[in-house]
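Descriptive analysis of the structure
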Amino acid sequence: MRQKTRRDILSLLGSTVLLASCAPAVVTRAGNDPFEGGIGGTGIVGVLTGFGSLLINGVTVDVARTTRYTTSFGATSLDALVPGMSLTVYAQRRGDRLVAKDVFVDHLLIGTLRGHQGALHVNGVSVQAPSAIHAHTLTGTRVAVSGVWSASGVIASRIDPAGMDKDMIAGTITPVDEGINGIGSVRLDAQGVRLMTGQYAAVMGTSNDEGFNVQSIGNGRFARATSLRNLSVEGYLEPINTQPGFRIAGLGHSFARDVSLGSIGARRAVYFGRYDGLFGASRGYIVPEDMDARRKLLNRGISEGFDGPVIEI
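Residues numbered from 1 in each chain as written. Predicted model: local features only at pLDDT ≥ 70, side-chain atom pairs only at ≥ 80, totals over all residues. Heavy atoms only, no water.

**As for the confidence of the model for the chain**
Overall, the prediction assigns the chain a mean pLDDT of 85, with 87% of residues at 70 or greater. For residues 14–32, every residue scores under 50 in pLDDT, and the model assigns this stretch 56 contacts once sequence neighbours within four places are set aside. (pLDDT = per-residue confidence, 0-100. Contact = heavy atoms within 4.5 Å.)

Okay, structure coming up:
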């Protein structure tokens, strides 16, 4: 795949052109496949780690002319994707394969990158960026942040220049004060827009010192998905007051009440399991914090020979 340019990145954020043609879209499934099988669709939420098809969460996803590629700003193309971008993939099973239908680029934050005493923020959200990203060179400019949420903010896997004027925050809507909802610790001024507590949403509008003025909202990760039955998610746990005591930060889907998550703690993991309105995760694959080490490990695939802790939950 050719080296991506700034023009490619900006086209990803604002493109309205669908891709033309590629090879049939499948998610490869081996005998030791971490998905549990069964009838229904499969969702994958994670960070793109490489090509040779799309590599995400240790799973290989091929692409097709019928696969739809979108962002919060409209349609885009396969050629605009780059490693480190956050993706949500929806696929359906056909025989022994999963056929990809939708690939959505999940930028978690779009806004001005601000730095103060070594700390980075976008739209009032703390951003932790590996040194390899060179985020300090973009301070004071508008950026699009990819990565995963943690209990304390966003752990960035990629920070790119952004050309659009609207600010955006995407994550789980939670109460931040009495009668006030937010994402992370940022208060949302919804201005009559309905906010669904506990659900994932991408909100667009304007960031300010008091919070975020919401102009529009997109609810749910799998808006076009039907009969979602399997799920894989990369991320960090954050504590909640209801059983099982944790959820995956920023996901917007709750765990089944009987899963046991305490042994994973604050470590980053890739989860696999059944979905029936609640995520019945059966195992978590612990992955390195270092971005390069994590990418190399996941690009070898999730299998019985996975070189890291596997937690049965």
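From this point, things continue past the structure.
**Regarding the nonpolar core**
Formed by 29 residues in total, the largest nonpolar core has its most connected members in Leu109, Val127, Val145, Trp149, Ile159, Ile169 and Val203. Other than its neighbours up to four places away in sequence, Ile169 contacts Leu108, Leu109, Asn123, Val125, Trp149, Ile183, Val186, Ala201, Ala202, Val203 and Phe212. Grouped together as the second largest cluster of nonpolar side chains are 28 residues, Ile56, Val82, Val270 and Leu297 included. (Core = buried A, V, L, I, M, F, W, Y, C linked by side-chain atoms within 4.5 Å. Buried < 20%, exposed > 50% of the residue type's maximum accessible area, 1.4 Å probe, protein only.)

**Digging into helix α2 (residues 291–299)**
The set of residues buried in α2 consists of Met291, Arg294, Leu297 and Leu298. Within α2, the buried residues cover an arc of 130° as seen down the axis, which keeps them to one side. Where α2 is buried, its residues contact β1 (41–50), β12 (153–161), β18 (228–235), β21 (269–275) and β22 (279–286). Two or three places before Asp292, at the start of α2, stands the capping residue Asp290, its side-chain oxygen 3.3 Å from that residue's backbone nitrogen. (Helix = DSSP H or I, 4+ residues; strand = E, 2+ residues; numbered from the N terminus. Arc of directions from axis to C-beta. Polar contact = N/O pair within 3.5 Å; in protein donor to acceptor, adjacent residues only side chain to side chain.)

**Digging into the pattern of salt bridges**
Scanning all chains against the criterion turns up 10 salt bridges. The closest approach of N and O atoms between Arg68 and Asp102, which form a salt bridge, is 2.8 Å. Pair noted here: Arg68 is in strand β4 (residues 68–71) and Asp102 is in strand β7 (residues 97–105), with a separation of 34 residues, a long-range link. Assessed through its relative accessible area of 9%, Asp102 is described here as buried. As a salt-bridge pair, Glu234 and Arg268 come within 2.7 Å of each other at their nearest N and O atoms. Separated by 34 residues along the polypeptide, Glu234 in strand β18 and Arg268 in the loop between β20 (246–248) and β21 bring together distant segments of the chain. (Salt bridge = Lys/Arg side-chain N within 4 Å of Asp/Glu carboxyl O.)

**A look at the packing of aromatic side chains**
Scanning all chains against the criterion turns up 5 aromatic pairs. Seen in terms of ring centroids, Phe255 and Phe279 are 5.6 Å apart; in terms of plane orientation they differ by 10°. Their pairing is stacked. With a gap of 24 residues between them, Phe255 in the loop between β20 and β21 and Phe279 in strand β22 connect regions that are remote in the sequence. Note on accessibility: Phe255 and Phe279 belong to one class, buried. Between Phe272 and Tyr285, the aromatic rings sit 5.6 Å apart at their centres with planes inclined by 85°, giving edge-to-face as the arrangement. One end of the pair, Phe272, is in strand β21; the other, Tyr285, is in strand β22, with 13 residues separating them in the sequence. Across the pair, Tyr285 and Phe272 agree in class, each one buried. Through a chain of ring-to-ring contacts, the aromatic side chains of Phe255, Tyr271 and Phe279 assemble into a single cluster. (Phe/Tyr/Trp six-rings, centres within 6.5 Å; stacked < 30°, edge-to-face > 60°.)

**A few points about the side chain of Thr42**
For Thr42, the position within the fold is in strand β1. You can call Thr42 buried: its relative accessible area is 0%. When neighbours within four sequence positions are excluded, Thr42 is seen to be in contact with Phe35, Val89, Tyr90, Ala91, Leu98, Leu228 and Asn230.

**Some words on the side chain of Thr70**
Relative to the assigned elements, Thr70 resides in strand β4. Since its relative accessible area comes to 16%, Thr70 is described here as buried.

**Some remarks on the environment of Val127**
Relative to the assigned elements, Val127 resides in strand β10 (residues 125–128). C-alpha of Val127 to C-alpha of Val145: the two residues are 18 residues apart in sequence and 8.6 Å apart in space. Here Val127 is in contact with Leu109, Leu120, His121, Val122, Val145, Val154, Ala156 and Ile159, once residues within four sequence places are set aside.

**Some thoughts on the pairing of β12**
Of all the 9 residues making up β12, 8 are buried; the element is thus mostly covered by neighbouring parts of the structure. Both β10 and β12 contribute to a ladder of 2 bridges, which runs parallel. Residue pairing for β12: Gln128 is matched across the bridge by Ile155. Sheet topology places strand β11 (residues 142–150) next to β12; 8 bridges connect them, and they run antiparallel. Residue Val145 lies in a different strand from β12, and its bridge partner there is Ile159. (Pairing = 2+ DSSP bridges.)

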